[in-house]
Amino acid sequence: MSWFKKLAPARPFEAFQLEVTSRCNLKCVMCPVTVLADQWPSYDMSWPTFERIAAAFERVKWVYLQGWGEPLLHRRLFDMIERAKGAGCEVGFTTNGTRLTQQTGQRLLDRGLDLLAVSIAGATAATHETIRVGSDFARLIENVRRFIALRNERGSARPKVEIFFLMTPANLAELAAAVELAAGLGADELVATNLDYVMSPALDALRAWSDTTPDPGLLRALDEAKAAAARTGIAFRPYPLERKEKAVCDLDPLRILFVAADGSVSPCVYTALAGQSQIPRHFEGEQFSIPPVRFGNVNETPLLEVWNRSEYRAFRHLFARRVLGATSMVLGTLAGAAADDAESPPPEPCRTCPKLHGF
C-alpha cells in the first residue's frame, strides 16, 4: 500500500478557519455580535489553544484567522500568522480595516500574509456607515490605499487584497462605483458577497438574493458592475442572487473546519455562535432555532481526533453521499444506490442555511 500513501495529498485539508477573537469594535447591523450583544461573550483565543490547533497545520493548505470578530484586535495575531507560515500554510483573514495602520500594514507584510480581505458596504460614506456602524469610511479607504502602496513599494504581489462588498437592496446601486473605487485603490479583486446569515425577519430585508426571481433592478446593477470591472481591469466575483442548491457549499465541510475562539470545533462558522445554546435563523419566511453543531474542543481532545469522531464522520458522510449523487448525475450513470445518493438530504442544521442554496 506504499504506492497509495504516495498518492495521498500531503495536506488533505483545504482550510482551518480559526476565530481568533469573538470581539469587534464595530456594530454592523446584520452581525450577531451586534444583534446578540447582551448575550454575546467576548473571547480571545488563547495561545495554548492556538498551539493545539497548530499541531495539525502540516495537514492544511490555508489557515484563515477570522470568525465573527475583528482579527486585528487580537494582540498575538502577528505571531499566529508567523506560526502558520512557518508550518508551510497560506494565511489570510478578513478585516473591517479600522485598525489597518501603517505600522500594522508593515508587520503584516513582514510576516508574509497571503490574503487580506477588507469589508465594505457601500461606495459612499453615508451608505457604508449606515450598515457598518462605527466605521469611518474615509479613514478605511485611506488605510487600504496606504497598505496597497506599502505592498507595492516592496515589489510584492502578496498579500492578495480583496474588497468584500456586502450586497443589499439599499446599496447595490453603488456596486459599480465600488468596483471603480477598488480598482483605483489598486486592489486585486472585488467580491460582491451576500448576506448569508439572516437572523430575523427584520434583517431579512437586507438580503439582495431571492428565493424566487431577483429584482430586475438588482440584476442591472450587477451587469453595470461587471462592465465597470471590464473597463477598469479589476477581477470581479459576484455571488449569485438566484437559488441553486449545491451538493456541498463553498465552506466545504469535507475539507474545511472551524474552530471557535474557545476551542470548540464545528463544520463552519454558521453552525457555531459564541456562547449560544441556539442559533436564530430566518429562512424562506420562517423563523428557526438551530442547535449549534460542536463535535469537541481542542483544549480537551487533539483536533484530528475530534475530526475522526464517529458523529463528525456521520455528519460529513451525508455530504459525501450528496457529492457522489451529483457526480453520478453529471456522468449520466445515475442508477441504484447512486439515485439514493442524489436525493440524500444534507445534515439538519444545514437545510436552512443560504450557503447550501448557492447564496
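For the structure, see preceding data.
Description of the structure in this document. (Residues numbered from 1 in each chain as written. Predicted model: local features only at pLDDT ≥ 70, side-chain atom pairs only at ≥ 80, totals over all residues. Heavy atoms only, no water.)

Across all of its chains, the model carries 12 aromatic pairs by this definition. Aromatic pair Phe50 and Phe57: ring centres 5.6 Å apart, planes at 75°, arrangement edge-to-face. When sorted by exposure, Phe50 lands in the same class as Phe57, which is buried. Aromatic side chains Trp68 and Tyr197 sit 5.8 Å apart centroid to centroid with 55° between the ring planes, which places their arrangement in the tilted category. Of the two residues, Trp68 sits in the loop between strand 3 (60-64) and helix 4 (77-86) while Tyr197 sits in the loop between strand 8 (189-193) and helix 9 (201-204), which places them 129 residues apart along the sequence. (Phe/Tyr/Trp six-rings, centres within 6.5 Å; stacked < 30°, edge-to-face > 60°. Buried < 20%, exposed > 50% of the residue type's maximum accessible area, 1.4 Å probe, protein only. Helix = DSSP H or I, 4+ residues; strand = E, 2+ residues; numbered from the N terminus.)

Within strand 7 (residues 160-166), 6 of the 7 residues are buried, leaving the element largely enclosed by the surrounding structure. Sheet topology places strand 5 (residues 115-120) next to strand 7; 6 bridges connect them, and they run parallel. When the bridges of strand 7 are listed, Leu116 appears paired with Val161. Pairing of strand 7 with strand 8 involves 5 bridges; the strand directions are parallel. Note that in strand 8 the partner of Leu166 across the bridge is Thr193. Regarding the hand of the β-α-β motif, the stretch spanning strand 7, helix 8 (residues 175-185) and strand 8 is right-handed. (Pairing = 2+ DSSP bridges. Right-handed = clockwise from strand over helix to strand, strands pointing away.)

At a minimum axis distance of 10 Å, the contact between helix 5 (residues 102-110) and helix 7 (residues 137-153) shows a crossing angle of 40°. Classified by the interaxial angle, the pair formed by helix 5 and helix 7 is oblique. The way helix 5 lies across helix 7 gives a crossing that is right-handed. Contacts between helix 5 and helix 7 pair Gln102, Gly105, Gln106, Leu108 and Leu109 from the former with Arg146, Phe147, Leu150 and Arg151 from the latter. (Axes fitted to C-alpha atoms, helices over the stretch in contact; angles between N-to-C directions. Parallel < 35°, antiparallel > 145°, perpendicular 65-115°, else oblique. Left-handed = near helix turned anticlockwise from the far one by under 90°. Contact = heavy atoms within 4.5 Å.)

This paragraph deals with helix 10 (residues 216-232). Residue pairs three or four apart in sequence face the same way in an α-helix, which turns once every 3.6 residues. With 17 residues, helix 10 extends 24 Å between its outermost C-alpha atoms, agreeing within 8% with the 24 Å of an ideal straight helix rising 1.5 Å per residue. Every buried residue of helix 10 is listed here: Leu218, Ala221, Leu222, Ala225, Ala228 and Ala229. For helix 10, the angular spread of buried residues about the axis comes to 120°, placing them on one side. Across from the buried face of helix 10, at angles greater than 90 degrees, the exposed residues are Pro216, Arg220, Ala230 and Arg231. Capping the start of helix 10, Asp215 holds a side-chain oxygen 2.6 Å from the backbone nitrogen of Gly217, two or three residues further along. Of the residues trailing helix 10, Gly233 is marked for its positive phi of about 85°. (Expected span 1.5 Å × (residues − 1). Arc of directions from axis to C-beta. Polar contact = N/O pair within 3.5 Å; in protein donor to acceptor, adjacent residues only side chain to side chain.)

Bringing the pairing of strand 1 (residues 13-18) into the picture now. The element strand 1 is extensively covered by neighbouring structure, given that 5 of its 6 residues are classed as buried. With 4 bridges connecting them, strand 1 and strand 3 associate as parallel partners. Counted as the bridge partner of Gln17 is Tyr64 from strand 3. With 4 bridges joining them, strand 1 and strand 10 (residues 256-259) adopt parallel strand pairing. Bridged to Ala15 within strand 10 is Ile256.

Bringing the nonpolar core into the picture now. In terms of nonpolar packing, the biggest core is built from 118 residues, with Phe16, Leu18, Phe57, Leu65, Met167, Leu175 and Leu190 touching the most fellow members. Excluding its chain neighbours within four sequence positions, the residues that come into contact with Phe16 are Ile53, Ala56, Phe57, Val60, Trp62, Val63, Tyr64, Leu257 and Leu303. (Core = buried A, V, L, I, M, F, W, Y, C linked by side-chain atoms within 4.5 Å.)

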